[in-house]
Structure formats: structure tokens, C-alpha cells
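Coordinate inspection notes
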Amino acid sequence: MIAVQNITVRFEEKLVLDRFSLQFPENGLTALSGPSGCGKTTLLRVLAGLQRVEEGTVTVPRNPVILFQEDRLLPWRTVGEHISDVLPKSRRGEVSRWLELVELAGEEYTRPATLSGGMGRRLALARALALGGGLLLLDEPFTGVDAPRAERILGRIRALGVPVVLSSHERAVVELCDRVISLEGPPLHETSPAV
């Protein structure tokens, strides 16, 4: 089960989540759609175990993996090293698989400084996917990535068979997901029933 129940998160005087509850599907792609600053990123951080809640319960599969809004790439590591760094030794041979998934094949020896913004975003995404886990939490995964490429990559992510919760402002990305949860805030709340 993937759910939050009656969770509250406050940053000083700002109430971001106020006894908020939501259950997520245990398969497929779920999109969180809503304006900037409404609390989507905070919700993803709660699901990842990175944000403490004042009250309430959080139920997620083991080892959730989060892709942050920032790429957080290491300038001294090559594209391939970014992937191999998160893989156990027994899986180091998978580097090319994850780069192919995000359409970065052939860039193994490139350093982040020479990548375009969209390529850097795809590298950060590949690293998160390679890390694996029982739940993928993707915060704006396709910033700077053209829509046809994002659609192809999203199809490959769906084929991994891991539940995905993603936040996106891009309508084309949201419409490709299996379920869309429309949100507003703060405090975060659903604006319409999930579809």
C-alpha cells in the first residue's frame, strides 16, 4: 500500500500539509498536477522519508527512490560513472541499459558541463531509475526534455513495472500518466476526484 493519512507538515508558520490523506495506486504512473508552491514537492519528500511529519502516518514500499527537481550532478564524474556509482558491483554491466532508456547512449565518457539542460535532466533520471526501489518519486522529471522524447522515455519507465508518482507542470507529461491527481494549496488539497 502507498498512502499518507492525516499528515501535517509545517515550515515555521506556513502550514503546507494539514491532516492531508491520499492513497496511491500500487502500479502504473500517477501524476500530481498543481500550481508551483502548492505542496507537491513536500508530499514527494514525505513519501521518500526525507520530510518528517508532525502527525499522521506514511505507508510506502521499501526503498523509495526520489528524483529531485535539481539534477545534482557531480562535475568530476562522467555520464557513465553517474550510473555505475549507484549500482552494486554485480550490476555494473547495466550502465548502457539505463543510458539507452533515457536516450543517452554514446555519452558514457561525457562530463555534465558539456551536456544540454535536457540531457542533464535525463542523466539525473537515469541515475534514479538505476538505483531502483519499490517506488519511484519523480519531481519534474522532464524539465527541458522535448515532448516526443519524454513520451518514449515514460513508456519505458512504465515497462519497468514499478509504481511511479511524478510531479509535473507539463500537460503533455501529465496526460500520459494512468492517473492524475489535481492539487491546490497550501495547505495541499485535492481539487477534484482522482481520474
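Keep in mind the model is a prediction, meaning the values are calculated, not measured.

What counts and how
- Residues numbered from 1 in each chain as written.
- Predicted model: local features only at pLDDT ≥ 70, side-chain atom pairs only at ≥ 80, totals over all residues.
- Heavy atoms only, no water.
- Helix = DSSP H or I, 4+ residues; strand = E, 2+ residues; numbered from the N terminus.
- Buried < 20%, exposed > 50% of the residue type's maximum accessible area, 1.4 Å probe, protein only.
- Contact = heavy atoms within 4.5 Å.
- Pairing = 2+ DSSP bridges.
- Axes fitted to C-alpha atoms, helices over the stretch in contact; angles between N-to-C directions.
- Phe/Tyr/Trp six-rings, centres within 6.5 Å; stacked < 30°, edge-to-face > 60°.
- Lys NZ or Arg CZ within 6 Å of the ring centre and 35° of its normal.
- Polar contact = N/O pair within 3.5 Å; in protein donor to acceptor, adjacent residues only side chain to side chain.
- Core = buried A, V, L, I, M, F, W, Y, C linked by side-chain atoms within 4.5 Å.
- Salt bridge = Lys/Arg side-chain N within 4 Å of Asp/Glu carboxyl O.

**Some details on the environment of Leu17**
As for its position among the elements, Leu17 is in strand β2 (residues 14–24). The class of Leu17 is buried, set by a relative accessible area of 0%. If near-sequence neighbours (up to four positions away) are discounted, Leu17 is found in contact with Ile7, Thr8, Val9, Thr42, Val46 and Leu188.

**Looking at the sheet that holds β2**
In spatial order, the strands read β2-β1-β4; together these three strands make up an open sheet with antiparallel pairing. Edge positions in the open sheet fall to β2 and β4 (55–59), since each of these has one partner strand only. Within this sheet the neighbouring strands show an average axis-to-axis angle of 25°, counted without direction. Where strand β1 (residues 2–11) and β4 come together, four bridges link them in antiparallel fashion.

**With respect to the packing of aromatic side chains**
Applying the stated criterion across every chain, the model contains zero aromatic pairs. The ring of Phe68 carries Arg72 above its face, with NZ or CZ at 3.7 Å from the centroid. Residue placement shows Arg97 over the ring face of Trp98; its charged tip is 4.2 Å from the ring centre.

**Regarding the side chain of Thr110**
In this fold, Thr110 is placed in the loop between α3 (95–101) and α4 (117–131). Judged by relative accessible area, which is 17%, Thr110 ranks as buried. Here the side chain of Thr110 touches Glu107 through a polar contact of 2.7 Å, side chain to side chain. Ignoring sequence-local partners within four residues, the contact set of Thr110 consists of Thr78, Val79 and Leu115.

**Considering the nonpolar core**
Side chains that are nonpolar tend, in soluble globular proteins, to be buried together. Within the largest apolar cluster, 36 residues are counted, with the highest numbers of intra-cluster contacts made by Ile83, Leu125, Phe142 and Ile157. Take this core: its biggest share by element is eight residues, from α4. In contact with Ile83, not counting residues within four places along its chain, are Val95, Trp98, Leu99, Leu123, Ala126, Arg127 and Ala130. With 23 residues, the next largest nonpolar core counts Val4, Val9, Leu32 and Cys38 among its residues.

**Some details on the pattern of salt bridges**
Taken as a whole, this structure holds 14 salt bridges when the rule is applied. Across the salt bridge formed by Arg91 and Glu94, the nearest N and O atoms sit 2.9 Å from each other. Owing to a relative accessible area of 25%, Arg91 belongs among the partly exposed residues under this scheme. Between Asp178 and Arg158 there is a salt bridge whose closest N-O contact spans 3.0 Å. With Asp178 in the loop between α6 (171–175) and β8 (179–184) and Arg158 in helix α5 (residues 147–159), this residue pair connects regions lying 20 residues apart in the sequence. According to the relative accessible area criterion, Arg158 is partly exposed, its value standing at 35%. Each of Glu103, Asp146, Arg149, Arg152 and Arg156 takes part in salt bridges that share partners, so that together they form one network.

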